[in-house]
Every structure is written in C-alpha cells, then in structure tokens.
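Chain residues, written in single-letter form:
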Amino acid sequence: MSEFFPNVSTIKYEGSDSKNPLAFKYYDPDQKVGDKTMKEHLRFAVAYWHTFTGTGSDPFGAPTMQRPWDNATSPMELAKLRVEAAFEFMQKLGVEYFCFHDRDIAPEGETLAETNKNLDIIVDLIRQHMERTGIKLLWGTAQLFMHPRYVHGAATSPNADVFAYAAAQVKKAMEITKELGGENYVFWGGREGYETLLNPDLKLEQDNLARFLDMAVDYAEKIGFKGQLLIEPKPKEPTTHQYDSTASAVIGFLHKYKLADHFKLNIEANHATLAGLTFHHELRVARINGMLGSIDANRGEELLGWDTDNFPTDVYATTLAMYEVLKNGGLQPGGLNFDAKVRRASFEPEDLFEAHIAGMDAFARGLKAAHALLEGGELEEFIAERYRSYSEGIGLKIVNGEVGFEELEAYALENTIVNKSGKQERLESILNQYILDWSR
Ligand code: XLS
Ligand code: NI
Ligand code: NI
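Residues numbered from 1 in each chain as written. Chains lettered and ligands numbered in written order. Predicted model: local features only at pLDDT ≥ 70, side-chain atom pairs only at ≥ 80, totals over all residues. Heavy atoms only, no water.

A. Representation of the coordination of the nickel ion (ligand 3). Protein-derived ligands of the nickel ion (ligand 3) are Glu268 (OE), His271 (NE2) and Asp307 (OD), with the metal-ligand distances lying across 2.1 to 2.6 Å. Taken in sequence order, the residues that donate to the nickel ion (ligand 3) follow the motif E-x2-H-x35-D. Between the nickel ion (ligand 3) and the nickel ion (ligand 2), the interatomic distance is 3.8 Å, and Glu268 donates to each metal, bridging them. Taken as a pair, Glu268 in strand S12 (residues 263-268) and Asp307 in the loop between strand S13 (292-296) and helix H11 (315-327) lie far apart in primary sequence, 39 residues in all. (Donors = N, O, S within 2.8 Å, 3.2 Å for Na, K, Ca; no water. Helix = DSSP H or I, 4+ residues; strand = E, 2+ residues; numbered from the N terminus.)

Okay, here's the thing in structure tokens:
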C-alpha cells in the first residue's frame, strides 16, 4: 500500500510550548477534563467531502489542491485511492470518527442499480479499513443536491418521480450507514427550500418533507438502525430560503408533524452565522429543547457572509460551544465533525493536517476553559440570583400556575418594581479570565 502523506507521521501532543506545526499544543487525547478524557468529550470526526474530495475550485477559480491520490485512471479507481488516503490521514491524525455523503465515497453510475453497486464495492473496502484501524463512522448522509435531477429539490421537488428517487437514495444510504455501524444519520436539506414564492406550493412541499422524514423513521426501524437521526438546520444557500432554516424553525416543524421524538439537531457554526445568529445561540436553543445531538464544527468568514466552512480556530467560540456541550451532558452518540475545508490557497497535502490540528487544539482549549468556567460557577450563581424572584413569593405563584391576570393586577397595584443590573461587562470579563488564563 503506497503512502499518501510520507512527510507526516503520527501526530503527537507536545504541549503549548511546542513550535512544531505537526503537533498538538492543547489536544491531549487521554488527558482527563472532569470525569472524561478529552477524546471522550470531543469525539472528533473528519468530513470525507471537504478533506478527500475538495478540489479548491470556487466560482472564480480552477482547482488548486495538490492531492497525491488524484492520479487515478477511473472514477472507481479514484474512490478506492481516496479510501486508502482517508484511513492513512485519520490514523496519523488520531481522529476516531468520520462522516460521509453516499456520493463522496463512490461515483454515480449510469443507473441507480449501478450506483448502488459502486457503493457496495467501496463500502466493503471501507469496512475492512474500519476493522483494521478501529476508526468509526459518526454519521452517514445522502447527497441530494448535486445532480441535475435535484434542481427543484428532493423531498420537496414538485416532481413525484424525484421524491421517489430521493427516497431510494436515502434508503440505500441508511443501509450502508447501518452496515458500517454509523452512530447517527444526518438529513441536511440540500435544495429543500425555494428561490421565489411565485412558483412553490409551500404547504405541499413542507408536508412532503415531513412525509419523507416519516418514511425514513419507519425504514430505520424496519432495518433495525439504532443510530440517532439528526436534522442540520441552515437558513439559505443553495436556495434563497431553506425550509430547515434554524434550530427554532426545525424544532417547530418537528413538533407540528409529530416527529420530535425521532430527531435531534446537528448544529453547524457557519449555518448559525449565515442565519444572523451565533453558534452559541443555536447550540443553546437545541440544548434547552433536549435536541442537541451533534455538531458540524467550522466557522464562517464574517466579512464574506457565505458558508465558507473555515476551520474553527476562534477559541472564544469554541469555549462557548463546549460550555453548551458540557451543560448538555456531552454529545454522545454525536460528536464534533469538522465540516470545514482548507482555504483555496492552502493547497499542500500537509495543510489538511495543520487545519485539523488547529481545529482540534481550539476545541481542546475551549473544553478546558468551559470546564473551568463551570467549576468556577460564577455564571451559574449570577443566573440563579438573577431569577430568584421566581423561586419565592409572587414569582413562585406564577411558575406554579396559581395566579392569573386579576391576581397579578392586584399585586402590581400594591408593589413597586426594583430592577437590578444585568452586568454584561462583568460576565464578559469573567469569561475572558477563563479563556486567557492558561493555568485554569
Ligand atoms: C452544507 C452542509 C453539509 C451537511 C451534510 O452546508 O453543511 O455539508 O453537513 O450534508
Ligand atoms: Ni454541515
Ligand atoms: Ni454547511
């Protein structure tokens, strides 16, 4: 078996003084943070699409990526070389999980039957490598947006034949995810949305999306797939308005169609910022609704405002994210999937390692800061005190449903309101202490 990354050996933890770009400065997999190791807390995954199929092309420029496996003679040959490269990469990096779309791992054939045959061949190869290395599948998904048949959407296409084709594709993707022991299955609504309100039957399209998800729940049950089903919200891109726009929108949708017991959310940082929200906000909304299932770890380029999928290197954001993850009691069976791509100008193969190391270190540091912040308890104490009026007197009666507008009017007539400061700046300063003070 040839080596694709001969200049890189197994990545090790060297500590924060290290100047070695191919070493971890903060991510020390077996180091305990609270009652779990970093590895157990973080459950990192590599995204097959960006890392092994990304070319670096953009609307203004040709591919730039130097990928030693890109010398194959046929699409199937290329798919096989990518599997070899992927497992060498993940083993050297020390990441235990990966995620894929069906079409990332195997090329489409002339017919659906041929496509599925291609998938079976590659899945078999992947399974052998998983057994050899112990690397696991965090989640699988179906890519329902690239092919021209999905021009008007998949489950929300106006064409029922497309709905049927998409169903067949998801059926197969669920089967291979199960076969590979996938711990979750993701639905990201590729082109499920609209460009203009002048042509869609909005109600039918959304009802159909729910019908599609209903069928997926039934099929998962039928084949005994025990993984968690996840929906990944995104507000726009590729369509002007995606149906699964935000965590709140998806949660409302799932409740409306009585699907809430079957799904959790996969929150992506860049999708939050695309919605004009923060990553922290989306994680919080998912968590307090008992629906924080997994994370697509990346970062948007704020000055561009697209889904640029930068690697997550902002420690402020990773700290707040890990704060939500810890408050959630972890992410298991979910994890942190690097749905992130190296910049077009970072085209050398080694950049793939450096980018993942940067993301893993940023999350490791965020984990430690968030854990210390929770241990310190200042935020929790402040919040408890801020809402104390609801644990006694009239507030307790409100919470217990013992009063209505009349009783409250009587109370308001008798009492004077005294508000207290929200202390935002003090709290931001406390947060900074935990982020900046390396000893914590
Ligand atoms: C696209 C999404 C996609 C999903 C998987 O913006 O992030 O990559 O994670 O289909
Ligand atoms: Ni994603
Ligand atoms: Ni995305």
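B. Structural detail: the coordination of the nickel ion (ligand 2). All of the protein donors around the nickel ion (ligand 2) are Glu232 (OE), Glu268 (OE), Asp296 (OD) and Asp339 (OD); their distances to the metal are 1.9 to 2.1 Å. Angles of 81 to 175° at the metal separate the 6 donor atoms of the nickel ion (ligand 2), which places the site in the octahedral class. Of note, the donors binding the nickel ion (ligand 2) are all from one chain and are spaced E-x35-E-x27-D-x42-D. Judged by relative accessible area, Glu232 falls into the buried class, the value being 4%. We classify Asp339 as buried; its relative accessible area is 7%. (Tetrahedral: all angles 85-135°; square planar, octahedral: opposite > 155°, others 65-115°. Buried < 20%, exposed > 50% of the residue type's maximum accessible area, 1.4 Å probe, protein only.)

C. Highlighting the pairing of strand S7 (residues 136-141). The buried fraction of S7 is high, at 5 of 6 residues. Of the strand pairs in this sheet, strand S6 (residues 97-101) and S7 are connected by 5 bridges, and their pairing is parallel. Directly across from Phe100, in S7, lies its bridge partner Gly140. Direction of pairing for S7 relative to strand S8 (residues 184-188): parallel, over a ladder of 3 bridges. (Pairing = 2+ DSSP bridges.)

D. Region of interest: the sheet that holds S6. Strand order in the closed barrel formed by 8 strands is S5-S6-S7-S8-S10-S12-S13-S14, with parallel pairing between adjacent strands. Taking each pair of neighbouring strands and ignoring which way they run, the sheet shows an average axis angle of 30°. Relative to S12, strand S10 (residues 228-232) runs parallel, the two being bridged by 3 bridges. Looking across to S12, one finds that Leu230 is bridged to Lys264. Along the sheet, helix H6 (residues 160-179) contacts S6, S7, S8 and S10; its crossing angle with S8, the most-contacted strand, is approximately 150°. Against the sheet, helix H7 (residues 202-223) makes contact with S8, S10 and S12, and its axis sits at roughly 170° relative to S8, the strand it touches most. (Axes fitted to C-alpha atoms, helices over the stretch in contact; angles between N-to-C directions. Contact = heavy atoms within 4.5 Å.)

E. Quick peek at the packing of aromatic side chains. Evaluation of the coordinates by the stated rule reveals 21 aromatic pairs. Where Phe4 meets Trp69, the ring centres are 6.1 Å apart and the plane angle is 80°; that geometry is what we call edge-to-face. Here the residue Phe4 occupies a position in the segment before strand S1 (12-13), and Trp69 occupies one in the loop between helix H2 (48-53) and helix H3 (75-93), the gap between them amounting to 65 residues. There is no split in this pair, since Phe4 and Trp69 are both buried. Here Phe145 and Trp188 contribute two aromatic rings whose centre-to-centre distance is 5.0 Å and whose plane-to-plane angle is 75°, an arrangement assigned as edge-to-face. With Phe145 in the loop between S7 and H6 and Trp188 in strand S8, the pair connects residues that are 43 residues apart, well separated along the chain. (Phe/Tyr/Trp six-rings, centres within 6.5 Å; stacked < 30°, edge-to-face > 60°.)

F. Focus on the environment of Glu192. Positionally, Glu192 belongs in the loop between S8 and strand S9 (193-194). A sequence separation of 76 residues divides Glu192 from Asn116, and the C-alpha atoms of the two residues are 23 Å apart. When near neighbours in sequence (up to four residues on either side) are disregarded, Glu192 contacts Gly153, Ala154, Ala155, Thr156, Leu209, Gln242 and Tyr243. Looking at Glu192, its side chain comes within polar contact range of the main-chain nitrogen of Ala154, at 3.0 Å. (Polar contact = N/O pair within 3.5 Å; in protein donor to acceptor, adjacent residues only side chain to side chain.)

G. Seen up close, the side chain of Thr177. With respect to the helices and strands, the residue Thr177 is situated in helix H6. Exposure remark for Thr177: the relative accessible area of 1% places this residue in the buried category. In this view, Thr177 contacts Leu137, Gly140, Gly182, Asn184, Tyr185 and Phe225; residues no more than four positions away in its chain are not counted.

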